[in-house]
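Listed below are the residues making up each chain.
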Amino acid sequence: MRDVIVIGAGGGGPVVAAELAGRGLDVLILEGGPRHADPENQWSHAENDANNPNNGFLRFGPEDRDKPAWFREWTDNLFIWQLSGVGGTTQHYYGNSPRPMPGAFRGYTGADAGEYDTAHLFPFSYEELVPYLEWVEDTLPVETAAMGTKEELTFRGCEGIGLPVQTSRNITRPAFRPQQNAILQPGGNSGRTDDANLLTYPQATGCTFCGHCFQGCYVPRRAPRNQYAKRSTDNSYVPLGLAADAVRPGGRAFELIADSFVQRIHHEQEGPHSVARGVTWRNNTTGEVFSEDARVVVLAGGVTESPRLWFNSGLPNPNDWVGRGHTDHHFDWVVGSFDEYTGNSKGANSAARMDWPGRGGMENVGLGPAIQAFTLSLSDSGVRGVYDNGRGLYGPWDGPSGRLVGNELKDLMMGGIDTLLNFLVITDDHVQSRNRITPSLFPADENGAPAKVDVTLRDRSPRTQENREFMVHKSVEIMRAAGAKKVYRLDWAPLLLHVHSSMRMGESDQNSVLDANAEARWVKRLFIADNSALANALGGPNPTLTTQALATRTAEKIFQLYFGGDPWVRAEAPVVSTDPRISARMNAMGL
C-alpha cells in the first residue's frame, strides 16, 4: 500500500507529490499523457507541431501521436486548450505568477470588498495563504521578468494615463508593474547573441529570449532538466520530487508513471462517509490495467478531468455541485498597430501587467506569426464590420469589435508582427453555477464516459460584464497613450483557458465540494489539488501560482491529518528547484 497516490502531473499534482515525498512518504504520481523526457530532441519550435489539437506534441491525448486525441463533448462552438503530459498546461504557459487579489478571500475588509464575488469566497484569509505563496515563489523561483521593447511601450502607455507603479507583490490598488514570472533570469551569453552555438549550458543560463514560450521550453540547450528557463512543473517540481531523498533529510524520491490513465478511484463506506482507498489505471500503450491501494488519494486531473473521474468512479454528489461553477476568464484582446518597432515576437512572451482590484487585470503578450493571426481572427462578434452575431461593439477602439479577415488581416500582418502590441484582458469573472462538467452520453472510450463541457449559455453576471467593459476601455486608453495609431478589439469566442472552480472549495457546504482543507466533504482521505479546487476567479490574476500555493497548503493538511506530522512552511526554508543536488540527480537520470 502506498502512502499517497496523486492523479495527474500537471500544475498542481507534482507540487503536493514533491512536498510529501520530501517528508519521507511513499508517493506514486500517475499521469495520463506522455513524459517528454528529452524535449530538445522531441519538440520543435513550430507553432503547429506544438499546438495542433489533433497531433501536436502539446495536445490532449496519449503518448503515441499516431493515435487520436481524446474526445470531449462541447455543447457550443467552443474549444478547451487542454493538455496532457507531465507538466500539464504549465508546459505552454508564460510563467506568469501574479498573486491573487486579497478581496477574493474570507475576512477581507478593504474599501472595495463588495466589488468581488462575495458569494464564493475562499474559506480562509488571504493572510493565511501568503506564506504558501512565498514558499512557492522561492521554490520555482518566481522573479521579476526580464523585459524588452514591448514592455517599454506598455509602461509608456501606463504612465501616459497616470497609472502608478506597483512595488509590492500584493495587489492593493490600480497599478502597473513588471510581471512576476517563473522564468529564470538570463545569464552568460543569454541576451547577448543569437548564435545557437553560444547559447548552450553552462555558457548560457536562464532565458535565452528565443520567444517560443508557448511551444514549451528546452533552453538553454544541454542544461539539466531543472535548469531549463521556464519553471513549468516538468522543469521544477517534478525534478524536485525525483530528487526528494537528496535534498531533504528523510526524503524519499517519488515514483512517476506516465502514459497511464486513471479510470477509477476506489472507495468504501465508513459510517456517514465514503473513504478513498486507491485507484485503477490503464497503460495507454499496452492496455494493461493496474490497481493499487493508498492511505490518501489526491485528485489533480484538472478542471475537466477531475469531475469526470469523480462521476466515473461513482462518488457521492449530494449537493449537486460536483462539476458546477466552471469558471474561465472571459478574454478580450486589444491589439494596437504602431509606426515604430514593438518587439512583439521577441523575448519572453509576457513581462508586463496592470491590475485593478475588484475588476481584473491585463498583460502584454508577444506572439509568433501563426498565433498572432489566430488571435486576430477569433471573435464573438463575427467578421468585423460584415456581420456581428448581435455584438459588433463600438467604443474607444477603431471600428466595431470583431475578427479581422481578408485584406484587412493581410494588410495588418504584412506590416510586420513586430509593429503590433497585444494586451490580453482578464476579467474577474464571478462563479456561475450553471456552467458545468457532466458525463457525456456519447459512447465511452477505453477510460469510461468522456466529459461534457456545458458552458452553452456562458452565463455571466452583470458584474462580470461590467468588469469586462471597464477593463477593455482601460486597455484601449493605455494602448493609445503608448502611441498606437490604430486599436482593434477582439472579444474572443469561447476558447477556454484559465479555467477554475469546477470542484471548488468554499465556506458553505451548499455550494462547494471541498472543505477548508481541500478534502472532499463526502469522501474522506480524498483531496483535490488542481485549478478545480479554487474557490473563485481570484479577482482576475492567472491561476497557476495560487493553485500551487494551495497545493502546498493541502500537502501540509494531509501530512497533519493522516500521517501525524507537523507543518513546515512557517518552520523551514524551501529548497529552490534549481538546487545543484537536483541537477546532479537529473544528470544521473539522463534528464
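So, here is what we can say about the structure in this document. On a predicted model such as this, the values are computed, not experimentally measured, just so you know.

### Concerning the overall build of the protein chain
Within the protein chain, the secondary structure is distributed over 13 helices and 23 strands. Relative to the compact-globule value of 25 Å for 591 residues, the protein chain shows a C-alpha radius of gyration of 23 Å, a close match. Dimensions of the protein chain along its principal axes, counting C-alpha atoms only, are 65 × 55 × 50 Å. Evaluated residue by residue, the protein chain yields a buried proportion of 64% over its 591 residues. Considering only contacts in the protein chain between residues 6 or more positions apart, those separated by 24 or more positions represent 72%. In the protein chain, 56 side chains carry a positive charge and 69 a negative one; their mean positions are 1 Å apart.

### Structural notes on the sheet that holds strand β18 (residues 436-439)
The three strands are arranged β3-β19-β18 in an open sheet whose pairing can be described as mixed. The sheet is open, and its two edges are formed by β3 (73-74) and β18, each paired on a single side. In this sheet, strand β19 (residues 451-454) lies alongside β18 in antiparallel orientation, the contact comprising four bridges. The residue bridging R436 from the neighbouring strand is D454, located in β19.

### Some thoughts on the side chain of K557
Checked against the element boundaries, K557 lands in helix α12 (residues 544-563). In this structure, K557 is buried with no salt-bridge partner, the nearest side chain bearing the opposite charge being E128 at 4.4 Å. K557 has contacts with E128 and N517, leaving out every residue within four places of it along the chain.

### Quick look at the nonpolar core
Core analysis: the largest hydrophobic core is formed by 86 residues, its most contacted members being L20, F254, V298, W310 and L526. Residues in contact with V298, not counting those within four places in the same chain, are V4, I5, V6, I7, V16, F527, A529 and I558. The next biggest cluster of nonpolar side chains, apart from the first, holds 30 residues, and it includes W81, I371, L404 and L495.

### Quick notes on unusual backbone geometry
Residue P141 is reached from L140 by a cis peptide bond, and omega for that bond is -5°. Summarising the element assignment, P141 is placed in the loop between α4 (126-139) and β5 (143-144). Residue P202 is reached from Y201 by a cis peptide bond, and omega for that bond is 5°. Within the element layout of this structure, P202 appears in the loop between β8 (187-188) and β9 (204-205). Its identity is not glycine, yet D259 carries a phi of approximately 55°, on the positive side. Structurally, D259 can be placed in the loop between β10 (255-257) and β11 (260-270). The backbone phi angle of A518 is positive, close to 70°, even though this residue is not glycine.

### Structural notes on α4
The end-to-end C-alpha distance of α4, which contains 14 residues, comes to 20 Å, matching closely the 20 Å that a straight helix rising 1.5 Å per residue would cover. By the criterion of burial, α4 is predominantly enclosed, with 10 of the 14 residues buried. On its buried face, α4 is in contact with α1 (13-22), α6 (237-242) and α12.

### Notes on helix α11 (residues 462-482)
With 21 residues, α11 extends 31 Å between its outermost C-alpha atoms, agreeing within 8% with the 30 Å of an ideal straight helix rising 1.5 Å per residue. Of the residues making up α11, those classed as buried are R463, T464, N467, R468, M471, V472, S475, V476, I478, M479 and A482. In this fold, the buried residues of α11 make contact with α5 (149-160), β14 (332-337), β15 (352-356), β16 (360-364), β17 (420-427) and β20 (486-491). Downstream of α11 by one or two residues, G483 has phi in the positive range, about 115°.

Cut-offs and rules
Residues numbered from 1 in each chain as written. Predicted model: local features only at pLDDT ≥ 70, side-chain atom pairs only at ≥ 80, totals over all residues. Heavy atoms only, no water. Helix = DSSP H or I, 4+ residues; strand = E, 2+ residues; numbered from the N terminus. Rg over C-alpha atoms; globule rule 2.2 N^0.38 Å. Buried < 20%, exposed > 50% of the residue type's maximum accessible area, 1.4 Å probe, protein only. Contact = heavy atoms within 4.5 Å. Lys, Arg positive; Asp, Glu negative; His and termini not counted. Charge placed at Lys NZ, Arg CZ, Asp CG, Glu CD. Pairing = 2+ DSSP bridges. Salt bridge = Lys/Arg side-chain N within 4 Å of Asp/Glu carboxyl O. Core = buried A, V, L, I, M, F, W, Y, C linked by side-chain atoms within 4.5 Å. Expected span 1.5 Å × (residues − 1).

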